[in-house]
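# Chains, contacts and geometry: an overview
Chain residues, written in single-letter form:
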Amino acid sequence: MRKESSMAAPQASTITRTPVAYFSMEIAIEPEMNTYSGGLGVLAGDTLRAAADLSIPLVAVTLAHRRGYFRQLLSPEGVQTEVEQPWPTDAFTEMEPARATVEIEGRAVHVRALRHDIHGVTGHIVPVYLLDTDLEENDLRDRTLTDRLYGGDPDYRLRQEAVLGLGGARILLALGLEPSVYHMNEGHAALLTVALVGRALAGRTLAQAGNAEFGRVREQCVFTTHTPVPAGHDRFGMEQACRILGHDTVGMLERAGGCHEGLLNMTYVALRFSRFVNGVAMQHGIVSQQMFPGYHIDAITNGVHAATWASEPFLAVFDRHVPRWRRDNVTLRYAIDIPESEIIEAHRAAKQLLLDAVVDGCGEQLSLDVFTIGFARRAATYKRMDLLFTDSARLVAMAKKFGGLQVVYAGKAHPADEPGKAKIKRVIELAHQLSDGLLRIVYLENYEWKLGGLLTAGVDLWLNTPKRPYEASGTSGMKAALNGVPSLSILDGWWIEGWIEGVTGWAIEDRDEEGAEADSLYTQLEDVILPLFHTQPELWRRVMRSAIALNGSFFNTQRMVEQYTLNAYFPQAAETEYIAAESGVLA
Ligand SMILES: *Cc1c(COP(=O)(O)O)cnc(C)c1O
């Protein structure tokens, strides 16, 4: 494969064919760029890093989010407050001269793109275009449209989606790029289909669009749905949609089947216009198929970018023992031959890095020798971050019985998510009440990329307690596995696939009632996990090593992007085009 793809440095006047355009409302591009909120953005970033490593011809589109998501502050009582998080766009992006316009509420909104290049291991570049409306020629109301990720009211959200979908599709053309595949990572980008219908109409009006045009767009689009939680699917009132997008656009989307229960539904828009649709783990594919019986829903299980999420100590171990692993993640399978002593040493080093961060974060000095549980994710209620405290007396007794127990928490609640904020407050209150010499519980402020890396690599056990079947995939447990940290988890999302009892981690039994699930959690800890850790360290090390060899080698975005390439981007006939594009024939 060539080092540089045919899309590098396109001239505005020439159309360069780029096979895949990847659209995502959030992308975790660099730790210092506050352009993501959580799992969806981290997955998008990991996808692009893997695509760059694999030399896949791909460009990405997102919004600039100049003021970020938010920085979380926690009061001693556990009350979350949020502060803005502007990031230095000049330090991380190049401004592109290209312009596009989108009509929003009858006004022309001008859009430009800031470009950031992601470099793969072999030098291949995946450019990310971050759309920006902060232009002098725009109305003041529109200049802030690309400021805040998931901020503002539903009107703000719909306007942002218009910028992402319509503005994104148009700016690629203005940049001289003509993708043959559009990948909508979640429904936020579904309005890109409106731009494609417009193109298929070749000068005729949206009112004239019908099945011929819808079919043509369908050949170009791929859609990944990411959550079975109903609130995770964007819906807008018809009056609101008509006011912001215009009657012609909404009328066309309604004719195409993009409305559901009287609302403009971005998931239905994306379903209706995609030739390939997938959920993000096998189980999630099944659940999504039940939610949308009229459509065929496939599954491609998520992953993490291995070189991003392996901690420094493990990077060194892998480089020593599995030299090709960065270019070929599947070779991590041979981690099964790494001496256990090196795994233990790397893990202790990673744990020390976490404990240092805990001191910096909250002043608590935890012990390197005490068994440490980690729990960090968005504080959405279905994730049940307080399940561990269902019977706190039992937890206290366990800490006593095994000579100590440490728990490290982190996680943000969306600013409007009051129940999520209440969960955080409850966990922090319980941490104060229950912490004594033997049981130590800390809650770290402002969970994001770097802290996520320290936590998933530095604890001894990764805990995951979502309510079934709401965890579409989950990826933090994959980061842990890559660092030799086994999971104790509800059998949902990716864990159904990654779980081998006692080999890669442990399952919390499936029960109908929350108390019974908590009981299973305690029983696993008390009867299986803590005794193994304390009395059979050689077996514990084997579990750590199996987590890397069996799960690290599979649950990575390199395998995932290969599956997207084979099944979604370039199935059969299109494959020849892909090869032609890669060799530069189509450039
Ligand atoms: C990996 C990651 C997530 C996703 O975690 P889940 O297990 O999928 O909930 C969220 N936030 C950050 C900062 C992460 O690094």
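What counts and how
- Residues numbered from 1 in each chain as written.
- Predicted model: local features only at pLDDT ≥ 70, side-chain atom pairs only at ≥ 80, totals over all residues.
- Heavy atoms only, no water.
- Helix = DSSP H or I, 4+ residues; strand = E, 2+ residues; numbered from the N terminus.
- Contact = heavy atoms within 4.5 Å.
- Areas by Shrake-Rupley, 256 points an atom, 1.4 Å probe, with all protein chains shown as cover.
- Core = buried A, V, L, I, M, F, W, Y, C linked by side-chain atoms within 4.5 Å.
- Buried < 20%, exposed > 50% of the residue type's maximum accessible area, 1.4 Å probe, protein only.
- Domains from an automatic or database assignment.
- Pairing = 2+ DSSP bridges.
- Axes fitted to C-alpha atoms, helices over the stretch in contact; angles between N-to-C directions.
- Parallel < 35°, antiparallel > 145°, perpendicular 65-115°, else oblique.
- Nonpolar A, V, L, I, M, F, W, Y, C, P; charged D, E, K, R; others polar.
- Near = heavy atom within 4 Å.
- Polar contact = N/O pair within 3.5 Å; in protein donor to acceptor, adjacent residues only side chain to side chain.
- Salt bridge = Lys/Arg side-chain N within 4 Å of Asp/Glu carboxyl O.
- Phe/Tyr/Trp six-rings, centres within 6.5 Å; stacked < 30°, edge-to-face > 60°.
- Lys NZ or Arg CZ within 6 Å of the ring centre and 35° of its normal.

## A look at the overall build of the chain
For the chain, the count of helices and strands is 22 helices and 21 strands. Principal-axis analysis of the C-alpha atoms places the extent of the chain at approximately 75 × 50 × 45 Å. A sequence separation of at least 24 residues applies to 71% of the contacts in the chain between residues at least 6 apart. Accessible surface, the chain as shown: approximately 21,700 Å² in total, 52% of it carbon and sulfur.

## A look at the nonpolar core
Grouped together as the largest cluster of nonpolar side chains are 71 residues, with contacts concentrated most on F318, F371, Y409, L488 and L525. In terms of residue count, the dominant contributor to this core is helix α19 (residues 514–535) (eight residues). Looking at which domains feed residues into this core, each of domain 1 (15–299) and domain 2 (306–555) supplies at least three. Apart from residues no more than four positions distant in its own chain, F318 is found in contact with A310, P323, W325, L332, I338, L482 and I548. Ranked by size, the runner-up nonpolar core spans 68 residues in total, among them A162, A189, M266 and F292.

## Describing the pairing of strand β6 (residues 100–104)
Every second residue of β6 is oriented toward a common face, the buried set being A100, V102 and I104 and the non-buried set T101 and E103. In this structure, β6 lies alongside strand β7 (residues 107–119), joined through five bridges in antiparallel fashion. The residue bridging A100 from the neighbouring strand is V111, located in β7. Between the antiparallel neighbours β6 and β7 lie two residues, among them E105 with a positive phi of about 55 degrees.

## With respect to the packing of helix α5 (residues 192–201) against helix α8 (residues 247–256)
Running from N to C, α5 and α8 point in directions that differ by 95 degrees, and their axes come no closer than 11 Å. Taken as axis vectors, α5 and α8 run roughly perpendicular relative to one another. Contacts from T193, V194 and V197 of α5 reach α8 at T249, M252 and L253. Grouping the constituent residues of the contact of α5 with α8 by class yields four nonpolar, two polar and no charged.

## Side note on the sheet that holds strand β17 (residues 405–410)
Spatially, β18-β17-β16-β19-β20-β21 is the arrangement adopted by the six strands of the open sheet, whose pairing is parallel. Pairing within the sheet leaves two strands with one partner each, and these edge strands are β18 (439–444) and β21 (505–508). Taking the axes of each pair of neighbouring strands and ignoring which way they run, one obtains an average angle of 20 degrees across the sheet. Examined bridge by bridge, β17 and β18 share six bridges and lie parallel to one another.

## Overview of the site of the ligand
Surrounding the ligand, one finds 13 residues, the nearest of these being K383, G474, T475, S476 and K479. Interatomic distance of 3.0 Å between a backbone N/O atom of T475 and an oxygen atom of the ligand. At 2.6 Å from an oxygen atom of the ligand is found a side-chain nitrogen or oxygen belonging to K479. Going through the elements one at a time, α1 (39–53) and α17 (476–482) are the ones with two or more residues in the shell around the ligand.

## Quick notes on the side chain of E517
Residue placement: E517 occurs in helix α19. Residue E517 is classed as buried on the basis of its relative accessible area, which comes to 6%. Among residues more than four places away in sequence, those in contact with E517 are R384, I490, I508, E509, D510 and R511.

## Some details on the domain arrangement of the chain
For the chain, the domain assignment lists domain 1 (15–299), domain 2 (306–555) and domain 3 (556–587). Averaged C-alpha coordinates put domain 2 and domain 3 at centres separated by 36 Å.

## Re the pattern of salt bridges
Overall, the coordinates contain 41 salt bridges when judged by the stated rule. We note a salt bridge from R141 to D139, for which the minimum N-O separation is 3.0 Å. Judged by its relative accessible area of 52%, R141 falls in the exposed class. Of the charged contacts in the structure, one is a salt bridge between K423 and D386, with a shortest N-O distance of 3.0 Å. Taken together, the positions of K423 in helix α15 (residues 418–434) and D386 in the loop between β16 (372–376) and α14 (392–401) put the pair 37 residues apart, joining distant regions of the chain. Of the two residues, K423 and D386, both sit in the buried class. A network of salt bridges, in which partner residues are shared, links E105, R107, D142, D155, R159, E239 and R243.

## Remarks on the packing of aromatic side chains
Tallying each qualifying case throughout the model produces 24 aromatic pairs. Centroid distance F314 to F318: 5.7 Å. Interplanar angle 40 degrees. Geometry classified as tilted. Of this pair, F314 and F318 are both found in helix α12 (residues 312–321), four residues apart, which corresponds to roughly one turn of the helix. The burial state of F314 is the same as that of F318; both residues are buried. Look at F371 and W540: their rings are 5.8 Å apart centre to centre, the planes differ by 75 degrees, and that puts the pair in the edge-to-face class. Remark: W540 occurs in helix α20 (residues 537–552) and F371 occurs in the loop between α13 (340–362) and β16; sequence separation between them is 169 residues. Here F371 matches W540 in class, with each residue buried. Of the aromatic side chains, those joined through ring pairs into one cluster are F371, W506, F533 and W540. Above the face of the F70 ring, K412 is positioned so that its terminal group lies 5.0 Å from the ring centre.

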